[in-house]
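Listed below are the residues making up each chain.
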Amino acid sequence: MKVLKIFLILPLAALLLNGCTKDLVPKDYSEINPAIFPRSASDIEAMVNACYYPLRGAYGDGIFSTSENGVMFVADATTEIMHGKYGPQGNASLHNFRSDDAAFTRYYDVFYNKISRMTTTIDLIQNSTVSENLKTKAIAEVRCARALLAYTLFDLYGPIVIAPLEVLKSPLTEVPLARLTNEEMVNYITADCEAAAADLPSPSEAEYGRFSKALAIMINIRLNLHEKNWPKVVTLSNEVIAFNHFSLDADYAGMWDLEGAKASNEVIWAIPCDYAGTSENQWQLMVLPSNYAPKGGYGTISSTWWFYDRFEQDDKRKEMLIAEYTGTDGITYNRSSPGSYLDWGPIPLKIAEDAQRTSGLTTVDIIMYRYADILLSKAEAIANSGAPTQEAMDLVNVVRARAGLPAKLLSAYSSLSAFNDLILLERSHEFWCENGQYRADLIRHGKFVSRAQEVHGTTTTGPNKVVYPFSLTAVAEGKGAFIQNPGYN
(Lines give C-alpha, C1' and ligand atoms only; values in the text may rest on other atoms or scores of the structure.)
Protein backbone atom coordinates (compact mmCIF):
# COMPACT_ATOMS: atom_id res chain seq x y z
CA MET A 1 0.00 0.00 0.00
CA LYS A 2 1.35 3.43 -0.88
CA VAL A 3 2.14 5.77 1.96
CA LEU A 4 1.81 9.53 1.72
CA LYS A 5 5.12 11.31 2.20
CA ILE A 6 4.82 15.06 2.77
CA PHE A 7 7.68 17.28 1.68
CA LEU A 8 7.76 21.05 1.68
CA ILE A 9 8.58 22.11 -1.85
CA LEU A 10 10.92 25.02 -1.24
CA PRO A 11 10.48 26.79 -4.59
CA LEU A 12 6.73 26.69 -4.05
CA ALA A 13 7.06 27.95 -0.49
CA ALA A 14 9.23 30.81 -1.68
CA LEU A 15 6.76 31.60 -4.40
CA LEU A 16 3.80 31.76 -2.04
CA LEU A 17 5.40 33.18 1.07
CA ASN A 18 8.26 35.54 0.25
CA GLY A 19 7.31 39.15 0.04
CA CYS A 20 10.21 41.16 -1.43
CA THR A 21 12.62 41.20 -4.34
CA LYS A 22 16.39 41.45 -4.24
CA ASP A 23 15.98 45.25 -4.30
CA LEU A 24 13.68 45.06 -1.27
CA VAL A 25 10.75 46.27 -3.34
CA PRO A 26 7.53 44.62 -2.11
CA LYS A 27 5.92 42.36 -4.67
CA ASP A 28 2.35 41.09 -4.58
CA TYR A 29 2.53 37.39 -5.36
CA SER A 30 -1.24 37.16 -5.56
CA GLU A 31 -0.70 38.54 -9.09
CA ILE A 32 0.96 35.30 -10.23
CA ASN A 33 -0.14 34.53 -13.75
CA PRO A 34 -2.03 31.21 -13.57
CA ALA A 35 -0.90 30.48 -17.13
CA ILE A 36 2.64 30.24 -15.73
CA PHE A 37 2.06 28.59 -12.35
CA PRO A 38 0.50 26.18 -11.66
CA ARG A 39 0.25 24.66 -15.09
CA SER A 40 1.09 20.98 -14.61
CA ALA A 41 -0.01 18.03 -12.51
CA SER A 42 3.27 18.18 -10.58
CA ASP A 43 2.68 21.85 -9.78
CA ILE A 44 -0.75 20.99 -8.40
CA GLU A 45 0.61 18.06 -6.40
CA ALA A 46 3.24 20.31 -4.81
CA MET A 47 0.59 22.84 -3.82
CA VAL A 48 -1.69 20.20 -2.33
CA ASN A 49 1.16 18.57 -0.40
CA ALA A 50 2.05 21.97 1.03
CA CYS A 51 -1.45 22.05 2.56
CA TYR A 52 -0.89 18.68 4.25
CA TYR A 53 2.36 20.03 5.67
CA PRO A 54 1.05 21.87 8.80
CA LEU A 55 -1.10 18.84 9.68
CA ARG A 56 1.95 16.66 10.28
CA GLY A 57 3.41 15.45 13.55
CA ALA A 58 6.58 17.56 13.34
CA TYR A 59 7.87 19.17 16.54
CA GLY A 60 8.42 22.66 15.19
CA ASP A 61 5.67 23.17 12.64
CA GLY A 62 3.21 20.29 12.81
CA ILE A 63 0.04 20.97 14.79
CA PHE A 64 -0.41 17.26 15.51
CA SER A 65 3.03 16.75 17.03
CA THR A 66 3.02 14.14 19.80
CA SER A 67 5.08 16.49 21.97
CA GLU A 68 4.33 19.52 24.13
CA ASN A 69 4.01 21.45 20.85
CA GLY A 70 1.08 19.32 19.70
CA VAL A 71 -2.65 19.58 20.28
CA MET A 72 -3.15 16.13 21.80
CA PHE A 73 -0.35 16.33 24.35
CA VAL A 74 -1.58 19.60 25.86
CA ALA A 75 -5.32 18.92 25.42
CA ASP A 76 -5.23 15.54 27.17
CA ALA A 77 -3.17 17.09 29.96
CA THR A 78 -6.13 19.39 30.70
CA THR A 79 -8.23 16.29 31.50
CA GLU A 80 -7.94 13.34 33.86
CA ILE A 81 -6.17 11.32 31.17
CA MET A 82 -2.75 12.86 31.82
CA HIS A 83 -0.99 14.93 34.44
CA GLY A 84 1.99 17.20 34.00
CA LYS A 85 4.21 18.31 36.85
CA TYR A 86 6.02 21.11 35.01
CA GLY A 87 6.20 23.05 31.76
CA PRO A 88 3.27 23.41 29.36
CA GLN A 89 1.84 20.10 30.54
CA GLY A 90 1.91 21.28 34.15
CA ASN A 91 0.09 24.50 33.33
CA ALA A 92 -2.34 22.51 31.19
CA SER A 93 -3.26 20.25 34.11
CA LEU A 94 -3.85 23.30 36.30
CA HIS A 95 -5.77 25.10 33.52
CA ASN A 96 -3.27 27.89 34.04
CA PHE A 97 -3.62 29.29 30.53
CA ARG A 98 -2.22 32.80 30.01
CA SER A 99 -2.06 35.15 27.05
CA ASP A 100 1.69 35.58 27.60
CA ASP A 101 2.36 31.82 27.49
CA ALA A 102 3.24 30.67 23.98
CA ALA A 103 2.49 27.06 24.93
CA PHE A 104 -1.22 27.90 24.65
CA THR A 105 -1.23 30.79 22.16
CA ARG A 106 1.13 29.18 19.63
CA TYR A 107 -1.45 27.05 17.83
CA TYR A 108 -3.22 30.15 16.59
CA ASP A 109 -0.10 32.25 16.06
CA VAL A 110 1.75 29.54 14.14
CA PHE A 111 -1.10 28.01 12.15
CA TYR A 112 -3.92 30.45 11.44
CA ASN A 113 -2.11 31.94 8.45
CA LYS A 114 -1.93 28.45 6.96
CA ILE A 115 -5.68 28.77 6.43
CA SER A 116 -5.03 31.87 4.34
CA ARG A 117 -2.39 29.99 2.36
CA MET A 118 -4.92 27.25 1.65
CA THR A 119 -7.44 29.86 0.48
CA THR A 120 -4.99 31.37 -2.00
CA THR A 121 -3.97 27.87 -3.08
CA ILE A 122 -7.58 27.04 -3.95
CA ASP A 123 -7.80 30.21 -6.01
CA LEU A 124 -4.56 29.47 -7.86
CA ILE A 125 -5.69 25.94 -8.65
CA GLN A 126 -9.13 27.08 -9.77
CA ASN A 127 -7.60 29.60 -12.17
CA SER A 128 -4.93 27.25 -13.52
CA THR A 129 -4.97 25.59 -16.93
CA VAL A 130 -4.91 21.98 -15.69
CA SER A 131 -7.85 19.65 -16.32
CA GLU A 132 -11.10 20.11 -14.46
CA ASN A 133 -10.84 16.63 -12.96
CA LEU A 134 -7.42 17.43 -11.52
CA LYS A 135 -8.68 20.76 -10.20
CA THR A 136 -11.67 19.14 -8.52
CA LYS A 137 -9.66 16.50 -6.68
CA ALA A 138 -6.93 18.94 -5.64
CA ILE A 139 -9.35 21.55 -4.34
CA ALA A 140 -11.23 18.88 -2.39
CA GLU A 141 -8.01 17.89 -0.59
CA VAL A 142 -7.15 21.50 0.18
CA ARG A 143 -10.66 22.19 1.48
CA CYS A 144 -10.47 19.14 3.70
CA ALA A 145 -7.11 20.34 5.06
CA ARG A 146 -8.57 23.79 5.64
CA ALA A 147 -11.63 22.34 7.39
CA LEU A 148 -9.49 20.21 9.69
CA LEU A 149 -7.18 23.08 10.60
CA ALA A 150 -10.05 25.57 11.02
CA TYR A 151 -12.00 23.14 13.21
CA THR A 152 -8.95 22.39 15.35
CA LEU A 153 -8.35 26.09 16.01
CA PHE A 154 -12.07 26.73 16.55
CA ASP A 155 -12.19 23.97 19.14
CA LEU A 156 -9.19 25.42 21.00
CA TYR A 157 -9.96 29.14 20.79
CA GLY A 158 -13.52 29.65 19.65
CA PRO A 159 -14.11 31.64 16.43
CA ILE A 160 -10.96 32.92 14.74
CA VAL A 161 -10.05 35.36 12.00
CA ILE A 162 -10.61 33.98 8.52
CA ALA A 163 -9.22 36.32 5.89
CA PRO A 164 -11.41 36.55 2.76
CA LEU A 165 -9.82 36.02 -0.62
CA GLU A 166 -10.21 39.66 -1.67
CA VAL A 167 -8.14 40.73 1.33
CA LEU A 168 -5.50 38.11 0.62
CA LYS A 169 -5.23 39.35 -2.95
CA SER A 170 -4.19 42.78 -1.66
CA PRO A 171 -1.47 41.89 0.86
CA LEU A 172 -0.01 45.39 0.90
CA THR A 173 -3.27 46.91 2.11
CA GLU A 174 -3.54 46.68 5.88
CA VAL A 175 -7.02 45.51 6.90
CA PRO A 176 -7.52 44.67 10.60
CA LEU A 177 -9.98 41.79 10.73
CA ALA A 178 -12.40 40.75 13.43
CA ARG A 179 -12.97 37.18 14.49
CA LEU A 180 -15.93 35.47 12.87
CA THR A 181 -19.11 34.97 14.84
CA ASN A 182 -19.79 31.44 16.06
CA GLU A 183 -22.41 30.98 13.33
CA GLU A 184 -20.04 32.24 10.62
CA MET A 185 -17.30 29.93 11.87
CA VAL A 186 -19.58 26.90 11.86
CA ASN A 187 -20.89 27.73 8.39
CA TYR A 188 -17.35 28.17 7.06
CA ILE A 189 -16.14 24.79 8.31
CA THR A 190 -19.38 23.08 7.25
CA ALA A 191 -19.04 24.38 3.70
CA ASP A 192 -15.50 23.02 3.44
CA CYS A 193 -16.46 19.65 4.92
CA GLU A 194 -19.41 19.20 2.59
CA ALA A 195 -17.51 20.30 -0.52
CA ALA A 196 -14.59 18.04 0.34
CA ALA A 197 -16.85 15.07 1.06
CA ALA A 198 -18.52 15.49 -2.32
CA ASP A 199 -15.28 15.32 -4.33
CA LEU A 200 -12.76 13.31 -2.32
CA PRO A 201 -12.30 9.61 -3.08
CA SER A 202 -14.25 7.02 -1.13
CA PRO A 203 -12.44 5.30 1.77
CA SER A 204 -11.80 2.21 -0.34
CA GLU A 205 -10.17 4.29 -3.09
CA ALA A 206 -8.18 6.78 -1.03
CA GLU A 207 -4.42 6.38 -0.74
CA TYR A 208 -3.30 5.64 2.81
CA GLY A 209 -2.39 8.88 4.56
CA ARG A 210 -4.43 11.05 2.20
CA PHE A 211 -7.88 12.45 2.81
CA SER A 212 -11.10 10.65 1.95
CA LYS A 213 -14.82 11.35 2.02
CA ALA A 214 -14.97 9.64 5.41
CA LEU A 215 -12.46 12.04 6.96
CA ALA A 216 -14.34 15.10 5.68
CA ILE A 217 -17.52 13.67 7.22
CA MET A 218 -15.69 12.84 10.46
CA ILE A 219 -14.54 16.46 10.83
CA ASN A 220 -18.13 17.53 10.25
CA ILE A 221 -19.26 15.13 12.97
CA ARG A 222 -16.81 16.64 15.43
CA LEU A 223 -18.05 20.11 14.49
CA ASN A 224 -21.68 19.13 15.04
CA LEU A 225 -20.86 17.46 18.35
CA HIS A 226 -19.23 20.75 19.33
CA GLU A 227 -22.46 22.54 18.45
CA LYS A 228 -24.70 19.81 19.92
CA ASN A 229 -26.49 19.45 16.62
CA TRP A 230 -27.56 15.92 17.46
CA PRO A 231 -29.75 15.08 14.41
CA LYS A 232 -26.93 16.14 12.07
CA VAL A 233 -24.46 13.91 13.95
CA VAL A 234 -26.77 10.93 13.43
CA THR A 235 -27.14 11.69 9.71
CA LEU A 236 -23.41 12.12 9.19
CA SER A 237 -22.58 8.99 11.18
CA ASN A 238 -24.96 6.99 9.02
CA GLU A 239 -23.17 8.27 5.91
CA VAL A 240 -19.89 6.81 7.13
CA ILE A 241 -21.54 3.55 8.16
CA ALA A 242 -23.12 3.33 4.70
CA PHE A 243 -19.69 3.11 3.05
CA ASN A 244 -19.58 -0.48 4.33
CA HIS A 245 -15.83 -0.07 4.46
CA PHE A 246 -15.03 0.32 8.15
CA SER A 247 -15.24 -2.14 11.03
CA LEU A 248 -13.81 -2.36 14.51
CA ASP A 249 -10.40 -3.96 14.62
CA ALA A 250 -10.47 -7.13 16.71
CA ASP A 251 -7.07 -6.21 18.20
CA TYR A 252 -7.30 -2.81 19.90
CA ALA A 253 -3.62 -2.57 20.82
CA GLY A 254 -2.59 -3.89 17.43
CA MET A 255 -3.67 -0.68 15.71
CA TRP A 256 -0.68 1.01 17.36
CA ASP A 257 1.87 -1.60 16.27
CA LEU A 258 4.54 -0.58 13.77
CA GLU A 259 2.31 -1.38 10.80
CA GLY A 260 -1.00 -1.52 12.65
CA ALA A 261 -2.77 1.53 11.25
CA LYS A 262 -1.99 0.61 7.66
CA ALA A 263 -3.54 -2.83 8.06
CA SER A 264 -6.63 -1.76 10.01
CA ASN A 265 -10.13 -1.34 8.57
CA GLU A 266 -10.98 0.82 11.57
CA VAL A 267 -8.67 3.74 10.87
CA ILE A 268 -10.35 6.63 9.05
CA TRP A 269 -7.18 8.72 8.86
CA ALA A 270 -3.66 8.35 10.21
CA ILE A 271 -0.55 10.48 9.75
CA PRO A 272 2.31 8.37 8.34
CA CYS A 273 5.56 8.74 10.32
CA ASP A 274 9.18 7.86 9.66
CA TYR A 275 12.62 8.12 11.23
CA ALA A 276 13.61 10.85 8.81
CA GLY A 277 11.30 13.33 10.49
CA THR A 278 9.07 13.92 7.46
CA SER A 279 6.34 13.46 10.04
CA GLU A 280 7.48 12.65 13.56
CA ASN A 281 6.01 10.50 16.30
CA GLN A 282 7.79 11.25 19.56
CA TRP A 283 5.40 9.58 21.96
CA GLN A 284 7.78 7.01 23.50
CA LEU A 285 10.32 9.80 23.96
CA MET A 286 7.74 11.92 25.77
CA VAL A 287 6.25 9.33 28.14
CA LEU A 288 8.85 6.64 28.85
CA PRO A 289 11.03 7.31 31.91
CA SER A 290 14.76 7.53 31.35
CA ASN A 291 15.29 4.27 33.26
CA TYR A 292 12.73 2.31 31.24
CA ALA A 293 14.21 -0.85 29.71
CA PRO A 294 15.26 -1.52 27.06
CA LYS A 295 14.96 2.03 25.69
CA GLY A 296 13.73 4.97 27.73
CA GLY A 297 12.76 8.54 27.04
CA TYR A 298 12.33 11.86 28.82
CA GLY A 299 9.33 10.88 30.96
CA THR A 300 7.76 14.31 30.59
CA ILE A 301 4.20 13.32 31.51
CA SER A 302 2.19 10.50 33.05
CA SER A 303 -1.38 9.35 33.23
CA THR A 304 -3.30 9.58 36.52
CA TRP A 305 -4.31 6.88 38.95
CA TRP A 306 -7.76 8.50 39.02
CA PHE A 307 -8.11 7.71 35.32
CA TYR A 308 -6.60 4.23 35.69
CA ASP A 309 -8.97 3.27 38.50
CA ARG A 310 -12.02 4.04 36.37
CA PHE A 311 -11.25 1.17 33.99
CA GLU A 312 -12.96 -2.15 34.55
CA GLN A 313 -10.55 -4.92 35.50
CA ASP A 314 -10.71 -6.82 32.20
CA ASP A 315 -10.70 -3.80 29.90
CA LYS A 316 -8.12 -4.46 27.16
CA ARG A 317 -7.69 -0.72 26.66
CA LYS A 318 -6.16 -0.53 30.13
CA GLU A 319 -3.26 -2.82 29.25
CA MET A 320 -1.39 -0.02 27.48
CA LEU A 321 -1.21 1.96 30.72
CA ILE A 322 2.02 0.68 32.29
CA ALA A 323 1.39 0.41 36.03
CA GLU A 324 4.59 -1.44 36.89
CA TYR A 325 8.05 -1.82 35.37
CA THR A 326 11.57 -2.75 36.42
CA GLY A 327 14.01 0.00 35.56
CA THR A 328 17.55 -0.22 34.27
CA ASP A 329 18.56 0.47 37.87
CA GLY A 330 17.09 -2.91 38.87
CA ILE A 331 14.31 -1.29 40.93
CA THR A 332 10.68 -2.23 40.37
CA TYR A 333 8.38 0.77 40.23
CA ASN A 334 4.65 0.54 40.83
CA ARG A 335 1.84 2.34 42.64
CA SER A 336 3.08 1.42 46.11
CA SER A 337 6.69 2.19 45.19
CA PRO A 338 6.39 4.86 42.48
CA GLY A 339 9.59 6.82 42.89
CA SER A 340 9.24 10.04 40.93
CA TYR A 341 8.01 8.16 37.86
CA LEU A 342 4.61 6.71 38.78
CA ASP A 343 3.63 9.01 41.64
CA TRP A 344 0.74 10.59 39.73
CA GLY A 345 -0.14 7.64 37.56
CA PRO A 346 0.93 4.94 35.10
CA ILE A 347 2.88 5.42 31.89
CA PRO A 348 0.45 6.21 29.02
CA LEU A 349 2.16 4.07 26.37
CA LYS A 350 -0.66 4.05 23.80
CA ILE A 351 1.63 3.01 20.95
CA ALA A 352 4.03 0.10 20.49
CA GLU A 353 7.22 0.29 22.51
CA ASP A 354 9.29 0.13 19.30
CA ALA A 355 12.36 -0.73 21.34
CA GLN A 356 14.46 -1.08 18.18
CA ARG A 357 13.87 2.51 17.11
CA THR A 358 17.09 4.19 16.07
CA SER A 359 16.32 7.62 17.52
CA GLY A 360 13.81 9.37 19.75
CA LEU A 361 11.31 9.04 16.92
CA THR A 362 9.23 6.05 15.93
CA THR A 363 7.66 4.83 12.70
CA VAL A 364 4.34 4.12 14.45
CA ASP A 365 1.79 6.22 12.58
CA ILE A 366 -0.31 8.81 14.41
CA ILE A 367 -3.92 7.62 14.35
CA MET A 368 -6.25 10.60 14.28
CA TYR A 369 -9.76 9.22 13.67
CA ARG A 370 -11.26 5.74 13.91
CA TYR A 371 -14.58 4.04 13.20
CA ALA A 372 -15.18 3.60 16.94
CA ASP A 373 -15.67 7.36 17.05
CA ILE A 374 -18.50 7.08 14.53
CA LEU A 375 -20.29 4.51 16.69
CA LEU A 376 -19.93 6.38 19.97
CA SER A 377 -20.79 9.72 18.36
CA LYS A 378 -23.98 8.26 16.90
CA ALA A 379 -24.90 6.69 20.25
CA GLU A 380 -24.48 10.01 22.03
CA ALA A 381 -26.45 11.87 19.38
CA ILE A 382 -29.36 9.40 19.44
CA ALA A 383 -29.65 9.65 23.21
CA ASN A 384 -29.41 13.44 23.28
CA SER A 385 -31.96 13.81 20.52
CA GLY A 386 -34.58 12.59 22.98
CA ALA A 387 -33.71 9.87 25.44
CA PRO A 388 -31.38 6.86 25.61
CA THR A 389 -32.61 4.02 23.40
CA GLN A 390 -31.64 0.42 22.90
CA GLU A 391 -30.04 1.37 19.57
CA ALA A 392 -27.78 3.86 21.34
CA MET A 393 -26.82 1.32 24.00
CA ASP A 394 -26.16 -1.34 21.37
CA LEU A 395 -23.64 0.97 19.71
CA VAL A 396 -21.85 1.48 23.02
CA ASN A 397 -21.84 -2.24 23.66
CA VAL A 398 -20.25 -3.00 20.28
CA VAL A 399 -17.27 -0.88 21.33
CA ARG A 400 -17.22 -2.39 24.81
CA ALA A 401 -17.28 -5.92 23.41
CA ARG A 402 -14.09 -5.26 21.45
CA ALA A 403 -12.52 -4.16 24.75
CA GLY A 404 -13.46 -7.53 26.27
CA LEU A 405 -16.23 -6.11 28.45
CA PRO A 406 -19.80 -7.28 29.09
CA ALA A 407 -22.77 -5.41 27.66
CA LYS A 408 -24.40 -2.63 29.63
CA LEU A 409 -28.16 -2.73 30.20
CA LEU A 410 -30.27 0.19 29.05
CA SER A 411 -32.35 -0.07 32.22
CA ALA A 412 -29.29 0.96 34.27
CA TYR A 413 -28.71 4.05 32.10
CA SER A 414 -32.23 5.10 31.18
CA SER A 415 -31.77 8.72 32.30
CA LEU A 416 -29.92 11.04 29.94
CA SER A 417 -27.45 12.13 32.61
CA ALA A 418 -26.53 8.53 33.40
CA PHE A 419 -26.12 7.66 29.73
CA ASN A 420 -23.98 10.73 29.08
CA ASP A 421 -21.75 9.82 32.01
CA LEU A 422 -21.33 6.39 30.44
CA ILE A 423 -20.52 7.92 27.05
CA LEU A 424 -17.88 10.19 28.59
CA LEU A 425 -16.33 7.26 30.41
CA GLU A 426 -16.24 5.11 27.28
CA ARG A 427 -14.84 7.95 25.18
CA SER A 428 -12.04 8.56 27.66
CA HIS A 429 -11.15 4.86 27.75
CA GLU A 430 -11.38 4.46 23.98
CA PHE A 431 -9.62 7.60 22.75
CA TRP A 432 -7.01 8.45 25.39
CA CYS A 433 -3.80 9.86 23.95
CA GLU A 434 -5.02 9.98 20.34
CA ASN A 435 -6.03 13.40 19.02
CA GLY A 436 -6.94 15.22 22.21
CA GLN A 437 -10.66 15.20 21.47
CA TYR A 438 -11.67 14.14 24.99
CA ARG A 439 -11.10 17.71 26.16
CA ALA A 440 -13.94 18.78 23.86
CA ASP A 441 -16.06 15.89 25.15
CA LEU A 442 -15.72 17.09 28.74
CA ILE A 443 -16.50 20.66 27.69
CA ARG A 444 -19.57 19.54 25.75
CA HIS A 445 -20.96 17.84 28.85
CA GLY A 446 -20.07 20.61 31.28
CA LYS A 447 -17.45 18.66 33.25
CA PHE A 448 -14.20 20.22 32.06
CA VAL A 449 -13.71 22.55 35.03
CA SER A 450 -15.01 20.26 37.78
CA ARG A 451 -12.94 17.30 36.57
CA ALA A 452 -9.73 19.34 36.67
CA GLN A 453 -10.55 20.46 40.20
CA GLU A 454 -11.27 16.90 41.30
CA VAL A 455 -8.31 15.18 39.67
CA HIS A 456 -5.56 17.81 39.56
CA GLY A 457 -6.63 19.93 42.54
CA THR A 458 -6.29 23.13 40.56
CA THR A 459 -7.48 26.49 41.82
CA THR A 460 -6.74 28.35 38.58
CA THR A 461 -9.49 26.92 36.43
CA GLY A 462 -12.86 28.49 35.67
CA PRO A 463 -15.63 28.65 33.06
CA ASN A 464 -13.55 30.81 30.72
CA LYS A 465 -10.86 28.12 30.48
CA VAL A 466 -12.92 26.10 27.99
CA VAL A 467 -11.01 28.07 25.35
CA TYR A 468 -7.35 29.07 25.25
CA PRO A 469 -6.24 32.71 25.17
CA PHE A 470 -4.94 34.49 22.12
CA SER A 471 -1.50 36.07 22.37
CA LEU A 472 -1.07 39.74 23.17
CA THR A 473 0.50 40.12 19.73
CA ALA A 474 -2.55 38.71 17.94
CA VAL A 475 -4.84 41.06 19.84
CA ALA A 476 -2.59 44.08 19.23
CA GLU A 477 -2.31 43.38 15.52
CA GLY A 478 -6.11 43.44 15.33
CA LYS A 479 -6.08 47.16 16.17
CA GLY A 480 -9.29 46.94 18.14
CA ALA A 481 -11.12 44.67 15.70
CA PHE A 482 -9.76 41.50 17.31
CA ILE A 483 -11.33 40.76 20.70
CA GLN A 484 -9.57 38.55 23.26
CA ASN A 485 -11.43 35.64 24.86
CA PRO A 486 -13.12 36.59 28.16
CA GLY A 487 -11.02 36.42 31.31
CA TYR A 488 -7.65 36.78 29.59
CA ASN A 489 -7.29 40.56 29.28
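As a reminder, the structure under discussion sits directly above these lines.
Calculation criteria
- Residues numbered from 1 in each chain as written.
- Predicted model: local features only at pLDDT ≥ 70, side-chain atom pairs only at ≥ 80, totals over all residues.
- Heavy atoms only, no water.
- Helix = DSSP H or I, 4+ residues; strand = E, 2+ residues; numbered from the N terminus.
- Buried < 20%, exposed > 50% of the residue type's maximum accessible area, 1.4 Å probe, protein only.
- Contact = heavy atoms within 4.5 Å.
- Areas by Shrake-Rupley, 256 points an atom, 1.4 Å probe, with all protein chains shown as cover.
- Lys, Arg positive; Asp, Glu negative; His and termini not counted.
- Charge placed at Lys NZ, Arg CZ, Asp CG, Glu CD.
- Expected span 1.5 Å × (residues − 1).
- Pairing = 2+ DSSP bridges.
- Phe/Tyr/Trp six-rings, centres within 6.5 Å; stacked < 30°, edge-to-face > 60°.
- Axes fitted to C-alpha atoms, helices over the stretch in contact; angles between N-to-C directions.
- Left-handed = near helix turned anticlockwise from the far one by under 90°.
- Nonpolar A, V, L, I, M, F, W, Y, C, P; charged D, E, K, R; others polar.
- Parallel < 35°, antiparallel > 145°, perpendicular 65-115°, else oblique.
- Disulfide = S-S within 2.5 Å.

Enquirer: Even after reading the chapter, I still don't get the overall build of the chain, so can you show me in this structure?
Expert: Looking only at helices and strands, the chain features 19 helices and 8 strands. Expressed along its principal axes, the backbone C-alpha trace of the chain runs to roughly 70 × 50 × 45 Å. Here the chain holds 489 residues, and 59% of them are scored as buried. Intrachain contacts of the chain at a sequence separation of at least 6 include 72% that bridge at least 24 residues. Only carbon and sulfur atoms are counted for the fraction: they give 53% of the accessible area of the chain, which is about 19,000 Å². In the chain, which carries 43 positive and 56 negative side-chain charges, the distance between the mean positions of the two groups comes to 1 Å.

Enquirer: When you look at helix H16 (residues 416–431) in this model, what are you seeing that I'm missing?
Expert: Helical geometry: 3.6 residues make up each α-helical turn, so side chains three or four residues apart lie on a common side. Its 16 residues give H16 an end-to-end C-alpha distance of 22 Å, which sits within 8% of 22 Å, the value for a rise of 1.5 Å per residue. Buried residues dominate H16, accounting for 12 of its 16 residues. For H16, the full list of buried residues reads Phe419, Asn420, Leu422, Ile423, Leu424, Leu425, Glu426, Arg427, Ser428, His429, Glu430 and Phe431. Looking at the buried residues of H16, the elements they touch are helix H9 (213–226), helix H13 (305–309), strand E8 (366–370), helix H14 (371–384), helix H15 (390–402) and helix H17 (438–444). Within two residues after H16, Cys433 carries a phi angle of roughly 55 degrees, on the positive side.

Enquirer: So what exactly am I meant to see when it comes to the pairing of strand E2 (residues 267–271) here?
Expert: Two faces, one strand: in a regular strand the side chains alternate between the faces of the sheet. With respect to burial, E2 is a largely interior element, 5 of its 5 residues being buried. As defined by bridge partners, E2 adjoins E8 across 4 bridges and the pair is classed as antiparallel. Looking at the pairing, Val267 lines up with Arg370 of E8.

Enquirer: Looking at this structure, how should I read the packing of aromatic side chains?
Expert: Each aromatic ring pair is specified by the distance between its two centres and by the angle formed by the two planes. For the structure shown, the criterion picks out 20 aromatic pairs. Ring centres of Tyr108 and Tyr157 lie 6.0 Å apart, and the angle between their planes is 65 degrees; this geometry places the pair in the edge-to-face category. Highlighted residues: Tyr108 in helix H5 (residues 102–126) and Tyr157 in helix H6 (residues 132–157), separated in sequence by 49 residues. Overall, the relative accessible area of 0% leaves Tyr157 in the buried class. Judged by centre distance (5.4 Å) and plane angle (65 degrees), the ring pair of Phe211 and Trp269 falls under edge-to-face. Separated by 58 residues along the polypeptide, Phe211 in the loop between helix H8 (182–199) and H9 and Trp269 in strand E2 bring together distant segments of the chain. Take Phe211 and Trp269: they sit in the same class, and that class is buried. Ring-pair connections join several aromatic residues into one group, and the members of that group are Phe97, Phe104, Tyr108, Tyr112, Tyr157, Tyr468, Phe470 and Phe482.

Enquirer: How should I be thinking about helix H10 (residues 230–241) in this particular structure?
Expert: Its 12 residues place the ends of H10 17 Å apart at the C-alpha level, agreeing with the 16 Å of an ideal helix rising 1.5 Å per residue. For H10, the set of buried residues is Trp230, Val233, Val234, Leu236, Ser237 and Val240. Elements in contact with the buried residues of H10: H9, H14 and H17.

Enquirer: Which parts of the structure should I look at to understand unusual backbone geometry?
Expert: It is generally the case that most residues other than glycine have a negative phi and that most peptide bonds are trans. Of the consecutive residues Ala293 and Pro294, the connecting peptide bond is found in the cis state with omega at 5 degrees. At Asn244, a position not held by glycine, the phi torsion is positive, near 55 degrees. Topologically, Asn244 is positioned in the loop between H10 and helix H11 (260–263). Judged by its relative accessible area of 71%, Asn244 is exposed.

Enquirer: I tried to follow the packing of H6 against H8 on my own but got confused; where do I start?
Expert: Where H6 contacts H8, the axes come no closer than 8 Å and their chain directions differ by 145 degrees. Considering only the axes of H6 and H8, their crossing is left-handed. For the pair formed by H6 and H8, the contact residues are Thr136, Ala140, Arg143, Cys144, Arg146, Ala147, Ala150, Tyr151 and Phe154 on the first element and Asn182, Met185, Val186, Tyr188, Ile189, Ala191, Asp192, Cys193, Ala195, Ala196 and Asp199 on the second. Looking at the contact of H6 with H8, its residues break down into 14 nonpolar, 2 polar and 4 charged.

Enquirer: What is the right way to look at the packing of H9 against H14 in this model?
Expert: Think of two packed helices as two axes; the pair is described by the angle between the axes and how far apart they sit. For the pair H9 and H14, interaxial distance at closest approach is 11 Å and the crossing angle is 30 degrees. Between H9 and H14, the angle is such that the two are roughly parallel. Read as a crossing pair, H9 and H14 show a hand that is left-handed. The residues of H14 that touch H9, namely those facing Met218, Ile221, Arg222 and Leu225, are Asp373, Ile374, Ser377 and Glu380. Within the contact of H9 with H14, the residues separate by chemical class into 4 nonpolar, 1 polar and 3 charged.

Enquirer: Looking at this structure, how should I read the state of the cysteines?
Expert: Covalent bonding between the sulfur atoms of two cysteines is what defines a disulfide. Tallying each qualifying case throughout the model produces 0 disulfides. Free cysteine Cys193: the closest other cysteine sulfur is in Cys144, separated by 7.0 Å. The exposure class of Cys193 is buried, given its relative accessible area of 2%. Free cysteine: Cys273, not disulfide-bonded; nearest cysteine sulfur from Cys433 at 15 Å.

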